[in-house]
Amino acid sequence: MPRFARLACPLDGEPLTLGERSLSCANGHSFDLARQGYVHLLPVQQKKSRAPGDSMAMVAARQRFLDAGHYAAIAAMLTDRMLAVMPDQGPATVLDAGCGEGYYLDRVHAALLAQGCQADVDLIGIDIAKPAVLAAARRSRAPTWVVASNARPPMLPGTVDLLLCLFGFPNYPAFARVLRAGGRILLVDPGPDHLIELRELLYPQVRRSPPPSLQAAEQAGFELEDAQPLSFRTGALSRAALDDLLLMTPHLYRASAAGKTAVRTVDTLDLTVDVIFRQLRLSKGRLQNSALP
């Protein structure tokens, strides 16, 4: 299927067709393609702020940290699990909901290349932050990159086979609308001991909380198929890597000045990475209407 064929107009849910340098729907709504190849499908009336999502500085910090390979084990498990649940025959669509600067979807594309099946898989990444999507488009032209919200993914109903949501903000009713019947979500969330050594420096008391509840997912028609933890050590992270890690996470804004000062007193830190992979399957309740929610 041609690129952009599964995208829907964010204003009326109608299919988008590709013109010379823009996408448009039957009702005359048009969206220009950026020079870098991405498309902006987040109308101003759907924004809660002028520049939602991660800032340019946060995106750059995450790109440096991930490109250094500190989370390579997460990417490796993600691609292994993704390849295990892909449809055996025919084309498939993978949506990365909250793709950030494109590191994980780029690793997925590399895995598909290694398997020789990249031509049968349409990769789409959406993120609410324009700086993130711009960085993703500069990283790779292979996937389709879109500025959009997880609350209103601009996809035609029932066109996604596999949805990835890593450290993101899942919207299960919206995800159910765009997934085909029997489609799956691969979630990656922090485990109780994720970055525990960093958190012990940042906060006077540290809570070892379980991964987010799946109650909203169950209400939207998803069932848990599998859960698998992944834990490893980063090795000694440099001062620069720790600064990037702090900048790319919510801890920069949640921690007190004293906590951030405590982190800056250490030159290196060996951290525990503790995450959980959960696989959900859409069993019922998928919305059938073509309009965006």
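Located above this text is the structure these notes cover.
An account of the accompanying structure is given in this report. As the structure is a prediction and not an experimental result, all values here were calculated from the model.

Along the backbone of the protein there are ten helices and eleven strands. On C-alpha atoms alone, the protein measures out to a radius of gyration of 19 Å, which is about the 19 Å that the 2.2 N^0.38 rule sets for 293 residues. Viewed in the frame of its principal axes, the protein has a C-alpha envelope of about 60 × 40 × 35 Å. Burial analysis of the protein (293 residues in total) assigns 52% to the buried set. Sequence separation of at least 24 residues holds for 72% of the intrachain contacts in the protein that already meet a minimum separation of 6. For the protein, the exposed surface amounts to about 13,400 Å²; the carbon and sulfur share of it is 52%. Placing the 31 positive and 28 negative side-chain charges of the protein at their respective mean positions leaves the two points 6 Å apart.

The next point concerns the nonpolar core. With 55 residues, the main nonpolar core has Y71, I74, Y104, L164 and L245 as its most contacted residues. The element that contributes the greatest number of residues to this core is helix α2 (residues 72–85), accounting for six residues. Apart from residues lying up to four places away in sequence, Y71 is in contact with F65, L66, Y103, Y104, H194, L195, F232, L245, M248 and V273. Counting residues in each nonpolar core, the second largest holds 33 residues, with C25, V39, V146 and L282 among its members.

Let's shift gears to the pairing of strand β6 (residues 121–127). For β6, the buried fraction is high: seven of the seven residues fall into the buried class. Bridge count for strand β5 (residues 92–97) against β6 is six bridges, and the pairing is parallel. Considered in β6, the bridge of T93 is made with D122. The sheet contact formed by β6 and strand β7 (residues 144–147) spans four bridges and is parallel.

Turning to unusual backbone geometry, a few remarks are in order. For F167, which is not glycine, the phi torsion reads 50 degrees and is therefore positive. Inspection of the secondary structure puts F167 in the loop between β8 (160–166) and α5 (172–178). Non-glycine residue L195 carries a positive phi angle of around 55 degrees. Relative to the helices and strands, L195 resides in the loop between β9 (179–190) and α6 (196–202). By relative accessible area, L195 is classed as buried at 3%.

This brings us to the sheet that holds strand β10 (residues 222–237). Here eight strands make up an open sheet; going across it, the order is β4-β7-β6-β5-β8-β9-β11-β10 and the pairing mixed. Two strands in the sheet have a free side with no partner beyond their single neighbour: β4 (39–40) and β10. For β10 and strand β11 (residues 269–282), the ladder comprises 13 bridges, and the chain directions are antiparallel. Counterpart to Q228 in the pairing with β11 is F277. Helix α4 (residues 130–139) contacts β4, β6 and β7 of the sheet and is inclined by roughly 165 degrees relative to β7.

Scoring rules and cut-offs
Residues numbered from 1 in each chain as written. Predicted model: local features only at pLDDT ≥ 70, side-chain atom pairs only at ≥ 80, totals over all residues. Heavy atoms only, no water. Helix = DSSP H or I, 4+ residues; strand = E, 2+ residues; numbered from the N terminus. Rg over C-alpha atoms; globule rule 2.2 N^0.38 Å. Buried < 20%, exposed > 50% of the residue type's maximum accessible area, 1.4 Å probe, protein only. Contact = heavy atoms within 4.5 Å. Areas by Shrake-Rupley, 256 points an atom, 1.4 Å probe, with all protein chains shown as cover. Lys, Arg positive; Asp, Glu negative; His and termini not counted. Charge placed at Lys NZ, Arg CZ, Asp CG, Glu CD. Core = buried A, V, L, I, M, F, W, Y, C linked by side-chain atoms within 4.5 Å. Pairing = 2+ DSSP bridges. Axes fitted to C-alpha atoms, helices over the stretch in contact; angles between N-to-C directions.

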